[in-house]
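Structural overview
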Amino acid sequence: MTGKKNGLREAILKGIAILPGAFPLLVCTAQAAQTDGKSDPSPWAAVFGIGFIAVLAVLLFALSRLKKRRRMLAETNDRREYLQGLLDSIPNGIVAFVRNPDDTLTVNYLNDGFYRMLLIPKERSREPEADFKSALYPGDELLLRAEMHRSRTEHDNFYSTFRLKNQNGKYIWVTLQAAPAGRDTDQPAYYGAFTNMDDMKHVQEQLEESSASLRTAMSHAGMCYWEYDPEEHISLQDEKSQIELNLPEMMHDYPESLFALGVIPQEDIPIYKDAVRKIDVGAVESSCEVRNILTGGGSRWVRVQMTSIYGQDGERLKVLGTATDITEQRNAAVEYERQLAQVRSALSDPLVFFRVNLTKNYYSSAESAHEELVKTENRSADSLFEAIYSRAVTEEEKEAFKARFGRMELLEAFKRGETARTVDRRCRYGGKIHWVSVRTFIGRSPTTGDVETLIYSFNIDEEHYTEELLSTVAKNHHEQLLRINLAENQLQKFDPDRHQFGEQVISDAAAYLETFIRTHYAGDDLENFLRANSFEEVRRQLEKSDSYIQYATFRNEDGRLRRLELVNSWIDRDQQLVCSTLTDITGAFESERACCRKLLQEQREDPAPSAGE
């Protein structure tokens, strides 16, 4: 309002100042009034009219100047308010401060963005210096002073990250970046902006925590860990690598600097160098297996895995490298291959021999004296099994064999814990039908982790026909055929229908035989017969002779008496294996008894002549 009054006063004074210039105009006006014949006005009327015109002119001039000034003031205020609104609309806080001689700072201005950042309501009276100091975390004052000192001594911009307390009492992380304005005096002015770094700081803390967890997890897993910059060829090693391989924390000119330290044997360097080269030219992943020479002596095998890490914009940030100790695995692989070679060498003349990868569905080797048995459409395991199935004699035999000997069936068997399987079958080859025994050994490769199997077969024509003969004899001649393990006190019964000893193993064979004797023995000397058939007595008698034979009368379930021959013979003396047969000789026994009775009768009826006759 004071400014408006001063403007009006100035306009009036300027209007009065032009009155002398208007005086001639007033005189001419009066003269014109006197010579007018039509009227005879008073001289005062002319003066009054002239004065009125002069005052009106002064007022019009003053009003025009006042209107112009008001317009200029309005434009100035509008621009000031616009600029202030623009500053307050900026999301980040804006600050103006001066640097004190002791490297502290005094805040002179803070925009609305600063208060919004701290959740401070707009209605509250704002005092920039007091508001800033009350929000600043006490422990961060030294950070600001140190950065202020650096900025002053290096004539550089101001940059610092610290904490401010918001209206809810929570401290948030902010960054203040400012530049000096004006001349470098004892108290130069700075203008800067705040950036809320709280979310980013939390992300950084989480990343640091994750990185620490990663290092801990890798340490527990026995892995070495490093970060590699393929652009600068710089590698940062973890503590485990530094201790076990005597490596520095930072290595330049990587991997040449690694090779220079002799950590990798000369013969393995090309392998490692090729893996790093793939990463250098942009590969996402690269891996290899090499040896590491340890600080304390000796070496170990490691599997090196390098993986590129990318940012949100797709730019590669770094490469993460890990080295896993696979010494035991490599040794296991060597042992695994040795066992397979041992199995192969033990097969003097197999009909066929295949090495099959069940997991990846291919076979790596195939051997046979009969080319027709290894002829397949391709190298897949499925094709191999189809070729094997095609050799079956009947469709029923083919389906029965497939149920026991397919790729998926063997994989499922391995999952259940089976490592071997045998199937005897008829097979067509060489223009004839033969009996063959197909066998497999299933295992997991320590190198690849794949499930593999060795499949081999033998011609068992002779064995099969022998078993057929044995089955015929056992079925038609022997009452019972047992295989007894005296050392393990176990026995198995021969199954004539299956041409083999049954899979069931009877434990406590001595008790089983004692129960059988007590149930069926028909003699008067039971206890003596039990002692004669104890394992101790059988073993003692067989030490004297190859066979131990006894005769006894047994009673059937229906009460009929039969004469039986019990024979024990060695199968394998060293392993204490005995073959025990029980044969029905009732017919022969009765026939012999009849012959004896007839002979005695004849002797009674026709006695022999005496010596004196």
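Everything numeric here is computed off the predicted structure, so don't read it as measured data.

Regarding the pairing of strand β6 (residues 223-229)
- Of all seven residues that make up β6, five are buried, and the element is covered over most of its length.
- As judged from the six bridges shared by β6 and strand β11 (residues 316-325), these two strands associate in the antiparallel manner. Following the sheet pairing, Trp226 is matched in β11 by Gly321.
- As consecutive antiparallel partners, β6 and strand β7 (residues 234-237) are separated by four residues, and within that stretch His233 has a phi angle of approximately 55°, a positive value.

Looking at the sheet that holds strand β12 (residues 352-357)
- Pairing in this open sheet of five strands is antiparallel, and the strands run β13-β12-β16-β15-β14 from one edge to the other. Only two strands of the sheet have a single partner each, and these edge strands are β13 (362-368) and β14 (420-429). Between one strand axis and the next, the sheet turns by 20° as a mean value, whatever way the strands run.
- Bridge analysis of β14 against strand β15 (residues 432-444) gives 10 bridges, and the strand direction is antiparallel. Its bridge partner being in β15, Thr422 is matched across the sheet by Arg439.
- Together, β12, β13, β14 and β16 (451-459) form the strand contacts of helix α12 (residues 381-389), whose direction differs from that of β12 by roughly 145°.

Focus: α12
- Within α12, seven of the nine residues are buried, which leaves it mostly tucked inside the rest of the structure.
- Within the span of α12, buried status applies to Ala381, Ser383, Leu384, Phe385, Ala387, Ile388 and Tyr389.
- On the buried face of α12, the contacting elements are β12, β13, α13 (395-404), α14 (407-415), β14 and β16.

Concerning the nonpolar core
- If you look at the biggest cluster of nonpolar residues, it comprises 26 residues, and the most contacted ones within it are Phe354, Val356, Leu358, Phe385, Phe401, Phe405 and Ile455.
- Taken together, the elements giving at least two residues each to this core come down to β12, α12, α14, β14, β15 and β16.
- Looking at this core element by element, the count peaks at five residues for α12.
- Core analysis: the second largest hydrophobic core is formed by 24 residues, Val107, Leu110, Tyr115 and Phe162 among them.

Digging into the confidence of the model for the chain
- A residue-level look at the chain finds 69% of positions with pLDDT of 70 or above and a mean pLDDT of 77.
- Model confidence for the chain, summarised as mean pLDDT per element, is weakest for helix α2 (residues 19-34) at 45 and strongest for helix α10 (residues 269-280) at 95.
- Across residues 11-39, confidence stays below pLDDT 50; counting only partners more than four residues off in sequence or on other chains, it has 20 contacts.
- Note that residues 82-86 has pLDDT below 50 and, in this model, one contact with residues that lie over four places away or in other chains.

Topic: empty space enclosed by the protein
- Applying the stated criterion to the full structure yields three cavities of 30 Å³ or more.
- Volume-wise, the largest cavity comes out at about 210 Å³.
- Looking at the largest cavity, it is lined by 16 residues, and the ones nearest its centre are Leu513, Ile517, Asn533, Leu566 and Ser580.
- Only β17 (478-485), α16 (509-520), α18 (535-544), β22 (561-572) and β23 (577-584) provide two or more residues apiece to the lining of the largest cavity.
- Here the second largest cavity is characterised by a volume of approximately 170 Å³.
- Lining the second largest cavity are 14 residues, with Val352, Leu373, Ile388, Arg425 and Ser457 sitting closest to its centre.
- Listed by contribution, the elements that provide at least two residues to the lining of the second largest cavity are β12, α12, β14, β15 and β16.

Observations concerning helix α5 (residues 128-135)
- Looking at α5, one finds that the buried residues are Pro128, Glu129, Asp131, Phe132 and Ala135. Projected down its long axis, α5 carries its buried residues within an arc of 170°, all on one side.
- Looking at the buried positions of α5, the neighbouring elements they touch are β2 (105-110), α4 (112-117), α6 (141-154), β3 (158-165), β4 (171-181) and β5 (189-196).

Digging into the sheet that holds strand β8 (residues 250-251)
- An order of β8-β7-β6-β11-β10-β9 is seen for the six strands of this open sheet, with the pairing classed as antiparallel. Because the sheet does not close on itself, it has two edges, and the strands there are β8 and β9 (285-293).
- Two elements, β9 and strand β10 (residues 299-310), share nine bridges in a ladder whose sense is antiparallel. The partner of Val290 across the bridge, within β10, is Val302.

Focus on the pairing of β23
- By the criterion of burial, β23 is predominantly enclosed, with six of the eight residues buried.
- With eight bridges connecting them, β22 and β23 associate as antiparallel partners. In the strand pairing of β23, Asp572 is matched with Leu577.
- What sits between β22 and β23 in their antiparallel hairpin is a turn of four residues, with Gln576 showing a positive phi close to 60°.

Side note on the packing of aromatic side chains
- Using the criterion set out here, one finds 17 aromatic pairs in the structure.
- Seen in terms of ring centroids, Phe97 and Tyr190 are 5.2 Å apart; in terms of plane orientation they differ by 5°. Their pairing is stacked. Here the residue Phe97 occupies a position in strand β1 (residues 94-99), and Tyr190 occupies one in strand β5, the gap between them amounting to 93 residues.
- A centroid spacing of 6.4 Å and a plane angle of 80° characterise the contact between Phe132 and Phe162, whose relative ring orientation is edge-to-face. Of the two residues, Phe132 is situated in helix α5 and Phe162 in strand β3; the sequence distance between them amounts to 30 residues.
- Given a relative accessible area of 4%, Phe132 falls into the buried group.
- Among the aromatic residues, ring-to-ring pairing joins Phe114, Tyr115, Phe132, Phe162 and Phe194 into one connected group.
- Sitting over the ring of Tyr115, Arg126 keeps its end group 4.1 Å from the ring centre.

Procedures and definitions
- Residues numbered from 1 in each chain as written.
- Predicted model: local features only at pLDDT ≥ 70, side-chain atom pairs only at ≥ 80, totals over all residues.
- Heavy atoms only, no water.
- Buried < 20%, exposed > 50% of the residue type's maximum accessible area, 1.4 Å probe, protein only.
- Helix = DSSP H or I, 4+ residues; strand = E, 2+ residues; numbered from the N terminus.
- Pairing = 2+ DSSP bridges.
- Axes fitted to C-alpha atoms, helices over the stretch in contact; angles between N-to-C directions.
- Contact = heavy atoms within 4.5 Å.
- Core = buried A, V, L, I, M, F, W, Y, C linked by side-chain atoms within 4.5 Å.
- pLDDT = per-residue confidence, 0-100.
- 1 Å grid on protein atoms, 1.4 Å probe; cavity = no way out; pocket = protein on both sides within 12 Å on 5 of 7 lines; lining within 4 Å.
- Points joined across faces, edges and corners; volume = space filled by probe spheres on them.
- Arc of directions from axis to C-beta.
- Phe/Tyr/Trp six-rings, centres within 6.5 Å; stacked < 30°, edge-to-face > 60°.
- Lys NZ or Arg CZ within 6 Å of the ring centre and 35° of its normal.

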